[in-house]
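Residues per chain are reported as follows:
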Amino acid sequence: MSAWDQLDDRLRPAVEASTREFERVRPRLEEVTRQMQASIQEIFVGTELSPLFVTARTKSIESFRDKASRMLASTVPGDAPTLVFPDPLRNLTDVVGVRVITTLPHEVDVAANLIKRQRQEFDCRGDREKDIGTIESGTYGYSSRHLILRTIQSEAVKEYQRALDPAAKAGGSYMLEVQIRTVLAHAWSEIEHDIRFKASNPRAWSPYFDRQFTGTAAMLESVESAFAELHERYETVTGFWDEDGEGSAPLTPNRVRDVWQTLLPHVDRKSDDNWGWAAELLAAHGLTTTTSLASLLQADTITSVRRALDHRYSPGPDRLLDDVLLWHYGERHIDLTAEAAEAAVSPRRDSLQRRHRQMTTFRALEASK
């Protein structure tokens, strides 16, 4: 049942009058809405963020009437209740609404910050996280960033204000709401709103629906976290190939560890934190930058090495790196990192030569196919 249906009869004339006035000036507000949508879209041009889309809407007449009908109970028995919004055309901040939809959770904050910087056009009067199921309550729901903006000297707003009250000075100042959320949160909230709040028969609601919405919200959060992690890993790996930036970082033992664990997280970790020998193996071939290590650790190379040597046990990072270098450099790797050929005992040289023969045989067989 809507707020209008429950409205005290003594308050109906005031709400009806406001609704008629809203209906009269709504075409002007639709123009304000179009201008605000265009202004918000323009903010992101040439920035690091490209939202999936920016939409806008002007509140419908029915929705306006329903919100204008919200009441506050009287504290004096027998007295009429009061309206939450006694002058809704001036009190409501969501008659004009803009929605910014992003791909990833961190982009919500980026979008909000970009909008709030437009101080010549907007004055941010409110900024809050709206989360139906808050983290603090231990529940789930959609999360959305809500900004309340006040326009500054907007010509579209001035036209609306002149239509609303020709006798008053049109200052171009108007409150609107901007919602920023991810595409997954947007889809969830739209479906949830259509089913839960627009149900044709509220009596048909079942607690099972609440349980299902909670479950899908939990899955949504997990999927968003997975996408965020994928994006962060992608950005990190992309940086490895930036030879003028992250790619130029020297291969200290800790850097080798970080690059390895980013590119090959599935390979068994070392039992200790000493990655010095790995750095020494790389340095022997003049591989001293992050990009050079990223170039070495390519998936097709590692797959070929594994097939060629048919490891009895899954090799750890040191052994796999040693094998990849041997695959690339062959005899040169043996000469640079093994004992001298004339040494009385040469277990490493013997092992490298045996593995090199396996690789040579494998390559010959692959070439003959």
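Preceding this section is the structure that the text describes.
Summarised in this report is the structure supplied together with it.

Here is what the cut-offs are and how they apply
Residues numbered from 1 in each chain as written. Predicted model: local features only at pLDDT ≥ 70, side-chain atom pairs only at ≥ 80, totals over all residues. Heavy atoms only, no water. Phe/Tyr/Trp six-rings, centres within 6.5 Å; stacked < 30°, edge-to-face > 60°. Helix = DSSP H or I, 4+ residues; strand = E, 2+ residues; numbered from the N terminus. Buried < 20%, exposed > 50% of the residue type's maximum accessible area, 1.4 Å probe, protein only. Lys NZ or Arg CZ within 6 Å of the ring centre and 35° of its normal. Expected span 1.5 Å × (residues − 1). Arc of directions from axis to C-beta. Contact = heavy atoms within 4.5 Å.

## Let's talk about the packing of aromatic side chains
Tallied over the full model, the rule gives 4 aromatic pairs. With a centroid separation of 4.1 Å and 5° between ring planes, the pair formed by phenylalanine 22 and phenylalanine 64 is classed as stacked. Of this pair, phenylalanine 22 sits in helix H1 (residues 12–43) while phenylalanine 64 sits in helix H2 (residues 61–68), and the two are 42 residues apart along the sequence. The same class applies to phenylalanine 22 and to phenylalanine 64, which are both buried. For the ring pair tyrosine 160 and tyrosine 174, a centre distance of 5.6 Å and an interplane angle of 75° mean the geometry is edge-to-face. Of this pair, tyrosine 160 sits in helix H5 (residues 155–164) while tyrosine 174 sits in the loop between H5 and strand S7 (175–182), placing them 14 residues apart in sequence. On the basis of relative accessible area, tyrosine 160 is assigned to the buried category, the value being 2%. Here the guanidinium or amino end of arginine 12 rests over the ring plane of tryptophan 4, the centre of that ring lying 4.3 Å away. Between the NZ or CZ atom of arginine 363 and the centre of the ring of tryptophan 327, over which it lies, the distance is 3.6 Å.

## Observations regarding helix H4 (residues 105–116)
Compared with an ideal rise of 1.5 Å per residue, which puts 12 residues at 16 Å, H4 spans 18 Å between its outermost C-alpha atoms and is within 8% of the ideal. Among the residues of H4, those classed as buried are Glu107, Val108, Ala111, Ala112, Leu114 and Ile115. The arc that holds the buried residues of H4, viewed along the axis, is 165°, so those residues lie on one side. Its buried side turned inward, H4 meets H1, strand S4 (96–102), strand S6 (143–151) and S7.

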